[in-house]
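Examining the three-dimensional arrangement
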Amino acid sequence: MILTQIPKFPTPQTLHFFKFPKPKTLITSILSTTPNSPQSPPILTIPDQTHLQLPLETLFIPPDTDVDPNSIDGARILKGSNIVLSEYARDVEVKVAEFVKSSVSAEQCPDDGLPEFALVGRSNVGKSSLLNSLVRRKKLALTSKKPGKTQCINHFRINDSWYLVDLPGFGYAVAPQALRKDWERFTKDYFLKRSTLVSVFLLVDASIPARNSDLEYASWLGQNQIPMTLIFTKCDKRKKRKNGGKRPEENVQDFMKLIQEFFHSSPPWIMTSSVTNQGREEILLHMAQLRNYWLKH
C-alpha cells in the first residue's frame, strides 16, 4: 500500500515534514549509549565509533527550525536518530510521574486537555520497560515475561503537565482473539478521536528484521494522518554474523528503506535500549520540542 498523504500533527497549524532535495552529501548520526544532558543538546560530530550515514533528505526537521543544507555539519542532530533539535526542546527533565487511570475507550480517558504521547508496538517489544526507563522508575508500568499484559489505555501524568500513554500491544499476545480485536478497536479509536494526542511513538524491535505487522501499523497511522515517531528498541543486542544476524543499525536502515514507500518524507526515528538507557534523553528532547510547539499553536 502506498500512502498518498503525509502525516500531520493534530494542531490548528499543521506541522510539516520538511524535505531537502536529494543531494549526494551524507551526514553522520552517532550511535552512542552515553546519555546526553538536557542542558547540553548533542552536536553533530564524526567520532571514531559506529555510526549511520544519513542523506540530508532523511532528516526530520521540526517546524520553525532553519537548517542550511550547505552547513548541515553544524546542525544539532539527536544521537542515534534523524531528528534535528529545535528551540522548542526545553523543560525536558522528568521530575514527577504517576499513574492516573486505565480506560477502555477514548471517552473514558482524562479530559483535562494536557498533551500526551502514546506508546504502542508489538507484544514483547519492550513498551513497559521503555516507559519505566523514561521516568527512571522500575515499576511504574508493569513488565512481564508474558506478552500482552497491557490490556487498557493507561495514562501516566508527567510533571503534572503532560501524559505518557501505554497502549495494548499487537501481534502474538496470549489472549483470546475476540479480546485482541477489542484492543485493536479501542486503540485505533483512541488514535482517531484523541484531540490531545501530540504523537504516537511506534516501537519496533531493532534486533530482528522488519516485520509486516510493524510496517502495516506504520502505514495505517500515516494513511490516517496520525503523527508518528519510530522508536527502535533493543539496540544493545548484537547478532552473531556467522548465524546470518544483522546489527541493530542495519535493521534500522532496512526498515527505513521499506517504509519510505509509505511516506513522502522520512518520519522521525530514534534508536534505544532500556538496558543501557540509550536514547532516553533523545526521546525526552524530541517529546519536549513537539510538546512545546503543540502548546504554542
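Residues numbered from 1 in each chain as written. Predicted model: local features only at pLDDT ≥ 70, side-chain atom pairs only at ≥ 80, totals over all residues. Heavy atoms only, no water.

What follows concerns the environment of K234. Mapped onto the elements of the fold, K234 is located in the loop between β8 (228–233) and α4 (248–259). Separated by 26 residues in sequence, K234 and I208 place their C-alpha atoms 9.3 Å apart. (Helix = DSSP H or I, 4+ residues; strand = E, 2+ residues; numbered from the N terminus.)

All right, on to unusual backbone geometry then. Of note in the backbone geometry, D64 takes a positive phi value of approximately 60° without being a glycine. When you line up the elements, D64 lands in the loop between β2 (51–55) and β3 (97–103).

The predicted model of the protein chain has a mean per-residue pLDDT of 77, with 69% of residues at 70 or higher. A low-confidence stretch, residues 142–149 (pLDDT under 50), is modelled with 13 contacts involving residues beyond four sequence positions or located in other chains. (pLDDT = per-residue confidence, 0-100. Contact = heavy atoms within 4.5 Å.)

Across the six residues that make up β8, a large majority, six, are buried. Burial along β8 is two-sided: M228, L230 and F232 and T229, I231 and T233, pointing in opposite directions, are all buried. For strand β7 (residues 197–205) and β8, the ladder comprises six bridges, and the chain directions are parallel. In the sheet register, L203 faces β8, and the bridge partner there is I231. The parallel pair β7 and β8, bridged by helix α3 (residues 212–223), forms a crossover whose chirality is right-handed. Judged from the three bridges that link them, β8 and strand β9 (residues 269–271) form a sheet pairing that is parallel. Residue pairing across strands places I231 opposite I270, the latter belonging to β9. (Buried < 20%, exposed > 50% of the residue type's maximum accessible area, 1.4 Å probe, protein only. Pairing = 2+ DSSP bridges. Right-handed = clockwise from strand over helix to strand, strands pointing away.)

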